[in-house]
Amino acid sequence: MKRVFSGARPTGRQHLGNYLGAILNYVKLQEEYECVYCIVDIHALTTLTDTGKLQYNIREMLLDWLAAGLDPKKSIIFVQSHVPEVTELHTFFSMVTPLGWLLRVPTFKEKARLQPENVNYGLVGYPVLMAADITLYKAEVVPVGEDQLPHLELSREIVRRFNGIFGETFPEPKAKLSYFPNVVGLDGKEKMSKSLDNHIELALTPEETAKKIMTAVTDPARQRRADLGHPDVCNVYKLHEYFNESQKDDIAEKCRTAQIGCVDCKILLAVRINDYLAPFRERRIKLEANPEYLKEVLADGALRAQMIARETIREVKKKMGLL
Ligand code: SF4
């Protein structure tokens, strides 16, 4: 089995956008690959000001991952900083990465614009740490969306340069282009995101979920019940497409002919989403009641990851003349 690596910042409770955009794919990949899934807490330090919430966010994210079907028996699930070898490899990679490569990365420029008071080295070195994340575990495959391809290309360039100078050491990680649907938030405009507060958390109760859905912006042209609707531009309809496959065509037709009102349409969506998430919520409650198990999952994941990491670091040190 080829090895897959994917990392995600600890953003706490996951929302429907995270679920449809990444977690579902993580779960599927477990059947075909040896997966290494990492909660990248060190990366979070470049922008996170409130580090007091870090442990809470890690725990909540882990709960969602496990309840959604990530299986610690199949995959290595761990926290980045629990395997400190990654910082060692990051330092070694920083010696072969020209500064010019990093300064031209668009996300660095964007972050520097957003936080001009804190343009720290971590922001510049982010792609180097990312390359270390992937290669420390000799991952061959990285699931990415189209927009992340340039980042992975930079990791591949760093690997090529290292291999060129010190001899073949790392496989060049290949992109597994995955379809990450751009789930629009409740505002009907922006991508679903916590920072924009336009999201629906997976762990909400059925009542809270329904309440959130009732706030969703729909087809702006549909002001009254009698107005003909346009499901193609409606955010609520997009969610019907994901969670109400069997009725979506019927709803589209009824919307276009004003046979269904937006309130009823939202109530129906809430029912579907709550049905869909019922087993998830049941598993999450059970997991939440067992904090020792969560600790075990992360400790076991870190142990397994570290076994691979130590081998890699030994090999790298030898090649670089440090041993
Ligand atoms: S009826 Fe449903 S699909 Fe049509 S505009 Fe209203 S919420 Fe959207």
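Residues numbered from 1 in each chain as written. Predicted model: local features only at pLDDT ≥ 70, side-chain atom pairs only at ≥ 80, totals over all residues. Heavy atoms only, no water.

Draft legend 1. Structural view of the overall build of the chain. In terms of regular secondary structure, the chain is built from 13 helices and five strands. Seen through its C-alpha atoms, the chain measures out along the principal axes to roughly 75 × 45 × 40 Å. In the chain, the share of contacts with a sequence separation of at least 24, taken over all contacts with a separation of at least 6, comes to 77%. In the form shown here, the chain has an accessible surface area of approximately 16000 Å², with 55% of it arising from carbon and sulfur atoms. Looking at charge distribution, the chain has the averaged site of its 44 positive side-chain charges lying 2 Å from that of its 43 negative ones. (Helix = DSSP H or I, 4+ residues; strand = E, 2+ residues; numbered from the N terminus. Contact = heavy atoms within 4.5 Å. Areas by Shrake-Rupley, 256 points an atom, 1.4 Å probe, with all protein chains shown as cover. Lys, Arg positive; Asp, Glu negative; His and termini not counted. Charge placed at Lys NZ, Arg CZ, Asp CG, Glu CD.)

Draft legend 2. Representation of the nonpolar core within the structure. Among the nonpolar cores identified, the biggest contains 51 residues, and L16, L62 and W65 are the most heavily contacted of them. At eight residues, helix α3 (residues 54-68) tops the list of elements feeding residues into this core. Contacts of L62, omitting those with residues within four sequence positions, involve I39, I77, L294, V297 and L298. Core analysis: the next-biggest nonpolar cluster, separate from the first, contains 42 residues, V36, V40, L89 and L102 among them. (Core = buried A, V, L, I, M, F, W, Y, C linked by side-chain atoms within 4.5 Å. Buried < 20%, exposed > 50% of the residue type's maximum accessible area, 1.4 Å probe, protein only.)

Draft legend 3. Expanded view of the packing of aromatic side chains. Enumeration over the complete set of coordinates arrives at eleven aromatic pairs. Here Y26 and Y37 contribute two aromatic rings whose centre-to-centre distance is 4.3 Å and whose plane-to-plane angle is 15°, an arrangement assigned as stacked. One end of the pair, Y26, is in helix α1 (residues 16-29); the other, Y37, is in strand β2 (residues 34-39), with eleven residues separating them in the sequence. Like Y37, Y26 is buried. Ring geometry for F93 and F162: centres 5.7 Å apart, planes at 70°, overall edge-to-face. Separated by 69 residues along the polypeptide, F93 in helix α4 (residues 85-94) and F162 in helix α8 (residues 149-166) bring together distant segments of the chain. When its relative accessible area of 0% is taken as the criterion, F93 is described as buried. (Phe/Tyr/Trp six-rings, centres within 6.5 Å; stacked < 30°, edge-to-face > 60°.)

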